[in-house]
Amino acid sequence: MTRVRFMEVVIVADAAAGAEIVGGAIARLIAARPDTVLGLATGSTPLPVYDDLVRRCDAGEVSFAQAKGFALDEYVGLPQGHPESYRAVLDREIVGRVDFAPDAVLTPDGWAPDPAAACAAYDRAIADAGGIDLQILGVGTDGHIGFNEPTSSLASPTRIKTLTEQTRVDNARFFDDDIAQVPHHVLTQGIGTILRARHLVLLAWGSNKAEAVAATVEGPVTSMVPSSALHLHPHATVVVDEPAAQQLRLSDYYRHVYDNKPQWQGL
Ligand code: F6R
C-alpha cells in the first residue's frame, strides 16, 4: 500500500515509551520483509530502541538474520578499533547483541586513504542494497542529522564534514569530557542520502533537544537547520518525549492527530 503522509509528530511520556513504539514498528517491518535494510544512528538517542530490539530478538519476536544495516556516520582520525568509533559503538550497542549476519552492517570507512572514494562507495553500497527502508535519526542541539551541520546542502551525498565546536562540546561526554579528544572530521551520509531512505524516524529525548525539535517541526525548511529537511520527505516520523516537545506550539494538535490515527496506518 502506498502511504503518502509527510511529517508525523508522536509525543510520548519518555524514551522507553518511544523505544517501544519504534522497536515494534521495526519488528513488524522485518516480519513483513526479512531482508529489510535499516539505517542505524549512533549517539545516546537510539540506545533505548536498540535495547528494545535486543529484547524482541531474545524473545524470538524478530530476527535480523537476513537484514542489512548502514550506519549514518563515522569519525575520521580515531585509531582503528577505538571504543568510541561508530563502528565499535554499533557493534557494542546493537550488531553484536542480535543475530545480524557477519558484515551485514556497514559503516563509512573513516580510515580510508581516499575519503572521497570511500564516501562514493558507501552511497553505491546503499543503492546496491536496494536503499534504506527505515532510517533511525537522532538530532544534534544545532539541528544536525547524521553529521550534516548547519548550512549542509539539502541534496548532499555522503562526504567528509567538519564538526562544529558545539557538536564537539556535546560529544566530549563520550571522550572523558575532553574536547581535545573529539575528532574534527567525520564521514556522514548526506542529507540527500538520508532523504532517499523510505521512512525516516527522528528521535529526541530531553529538554536540551527542545529547541532543535521545534525548529525541525515548526520552523522553515532551511539548511541552517538540517533536520528541517524531513519536511521534504513523504514519510517522516518524529518521536519525542515530553521535555523534547516542550517548545512545540502545536503539541496538542499532534497529540490529537496521533490519538485519532487509523490503526491500519502503522507508524
Ligand atoms: C549519530 C548522529 C548524530 C546524533 C546526534 C545526537 O550517528 O548521526 O546526528 O544523532 O549528534 O546525538 P545524541 O543522540 O548523542 O544526543
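The preceding data block contains the structure.
None of the values given here were measured: they were computed from a predicted structure.

Conventions used here
Throughout, a residue's number is its position along its own chain's written sequence, starting from 1. Only residues with pLDDT of at least 70 are given local features in this predicted model, and only at 80 or more are side-chain atom pairs given and counted; all residues enter the totals for whole chains, interfaces and linings. The side-chain quantities take in all heavy atoms of the structure and omit both hydrogens and water. By the criteria applied, helices consist of DSSP H or I runs no shorter than four residues and strands consist of E runs no shorter than two, each listed in order from the N terminus. Radius of gyration: C-alpha atoms only; globule rule: 2.2 Å multiplied by the number of residues to the exponent 0.38. With a 1.4 Å probe rolled over the protein chains alone, any residue whose accessible area is under 20% of its type maximum counts as buried; one over 50% counts as exposed, and the rest are partly exposed. Note on definitions: a residue-residue contact is assigned when non-hydrogen atoms from the two residues lie within 4.5 Å. The cutoff for a nearby residue is simple: one of its non-hydrogen atoms must lie within 4 Å of the molecule or strand. Pairs of N or O atoms are called polar contacts if they sit within 3.5 Å, as long as, within protein, a hydrogen donor faces a hydrogen acceptor (for residues adjacent in sequence, only side-chain-to-side-chain pairs). Polar here means any residue other than Ala, Val, Leu, Ile, Met, Phe, Trp, Tyr, Cys and Pro, which are nonpolar, and Asp, Glu, Lys and Arg, which are charged; Gly is therefore polar. To pair, rings of Phe, Tyr and Trp, with the six-membered ring standing in for Trp, must have centres within 6.5 Å; the planes then decide the type, stacked if under 30 degrees apart, edge-to-face if over 60, and tilted in the middle. For this document, the term salt bridge refers to a Lys or Arg side-chain nitrogen within 4 Å of an Asp or Glu carboxyl oxygen. DSSP calls a pair of strands paired once it identifies at least 2 bridges connecting them. Axis lines are fitted to C-alpha atoms, over the contacting stretch for helices. Their N-to-C directions set the angle, which ranges from 0 to 180 degrees. Helix span, as expected, comes to 1.5 Å for every residue beyond the first.

### Thoughts on the overall build of the protein
The number of helices and strands found in the protein is 9 helices and 10 strands. Here the C-alpha radius of gyration of the protein, 17 Å, is about what a compact globule of 267 residues would show, namely 18 Å. With the C-alpha coordinates aligned to their principal axes, the bounding extent of the protein is approximately 50 × 40 × 35 Å. Expressed as a percentage of its 267 residues, the buried residues of the protein come to 54%. Residue pairs at least 24 apart in sequence account for 80% of intrachain contacts in the protein once pairs closer than 6 positions are excluded.

### A word on the site of the ligand
Every one of the 16 residues lining the ligand counts as a neighbour, but Thr42, Thr45, Asp73, His144 and Gly146 are closest to it. Between the ligand and Ser44 there is a distance of 2.9 Å, counted from an oxygen atom to a backbone nitrogen or oxygen. His144 is positioned with one of its side-chain polar atoms (N or O) 2.6 Å from an oxygen atom of the ligand. Looking at the shell around the ligand, its residues break down into 5 nonpolar, 8 polar and 3 charged.

### Here's the deal with unusual backbone geometry
Notably, Asp103 is not glycine yet its phi reads approximately 65 degrees, a positive angle. Secondary-structure assignment places Asp103 in the loop between α3 (86-93) and β5 (105-106). In this model, Thr151 sits at a positive phi of 80 degrees, which is unusual for a non-glycine residue. Mapped onto the elements of the fold, Thr151 is located in the loop between β6 (134-137) and β7 (159-162). Residue Thr151 is classed as exposed on the basis of its relative accessible area of 54%.

### What about the packing of aromatic side chains?
Tallying each qualifying case throughout the model produces 7 aromatic pairs. Ring centres of Phe64 and Phe100 lie 5.0 Å apart, and the angle between their planes is 45 degrees; this geometry places the pair in the tilted category. Here the residue Phe64 occupies a position in the loop between α2 (47-58) and β3 (68-71), and Phe100 occupies one in the loop between α3 and β5, the gap between them amounting to 36 residues. Ring centres of Phe70 and Tyr122 lie 5.7 Å apart, and the angle between their planes is 80 degrees; this geometry places the pair in the edge-to-face category. Note that Phe70 is positioned in strand β3 and Tyr122 in helix α4 (residues 115-128), a separation of 52 residues in sequence. Here Tyr122 falls in the buried class, since its relative accessible area comes to 4%.

### Observations regarding the environment of Pro150
Tracing the sequence through the fold places Pro150 in the loop between β6 and β7. In sequence terms Pro150 and Ser223 are 73 residues apart; their C-alpha atoms lie 5.9 Å from each other. Leave out the neighbours within four places in its chain, and Pro150 touches Asp142, Thr164, Ser223, Met224 and Pro226.

### A closer look at the pattern of salt bridges
Any two side chains of opposite charge can pair, given that their charged atoms come close. Under the criterion given, the structure shown has 15 salt bridges. For Arg87, the salt bridge goes to Asp91, with nearest N and O atoms at 2.7 Å. Here the residue Arg87 and the residue Asp91 both occupy positions in helix α3, the gap between them amounting to 4 residues, near one helical turn. The salt bridge partner of Glu242 is Arg255, with a shortest N-O separation of 3.0 Å. In this pair, Glu242 is assigned in helix α8 (residues 242-245) and Arg255 in helix α9 (residues 251-259), connecting sequence segments 13 residues apart. Bridged by salt links that share partners, the residues Glu20, Asp52, Arg55, Arg56 and Glu61 form one connected network.

### Let's talk about the sheet that holds strand β4 (residues 73-76)
Strand order in the open sheet formed by 3 strands is β4-β8-β7, with antiparallel pairing between adjacent strands. Taken across any chain shown, the strands that pair with only one partner, and hence form the sheet edges, are β4 and β7. Shown here is a sheet whose adjacent strand axes are inclined to one another by a mean of 30 degrees, direction ignored. Of the strand pairs in this sheet, β7 and strand β8 (residues 185-188) are connected by 4 bridges, and their pairing is antiparallel. Note that in β8 the partner of Ile160 across the bridge is Leu187.

### Topic: helix α1 (residues 15-32)
In a regular helix each residue adds 1.5 Å, so 18 residues correspond to 26 Å; α1 covers 26 Å between its end C-alpha atoms and thus fits that length. All buried positions along α1 are accounted for by Ala15, Gly18, Ala19, Val22, Gly23, Gly24, Ala25, Ile26, Ala27 and Ile30. Looking at the buried side of α1, the elements it contacts are β1 (6-12), β2 (37-40), α2, β6, β9 (199-204) and β10 (235-241).

Scope: geometric values only; no functional claims are made or implied.
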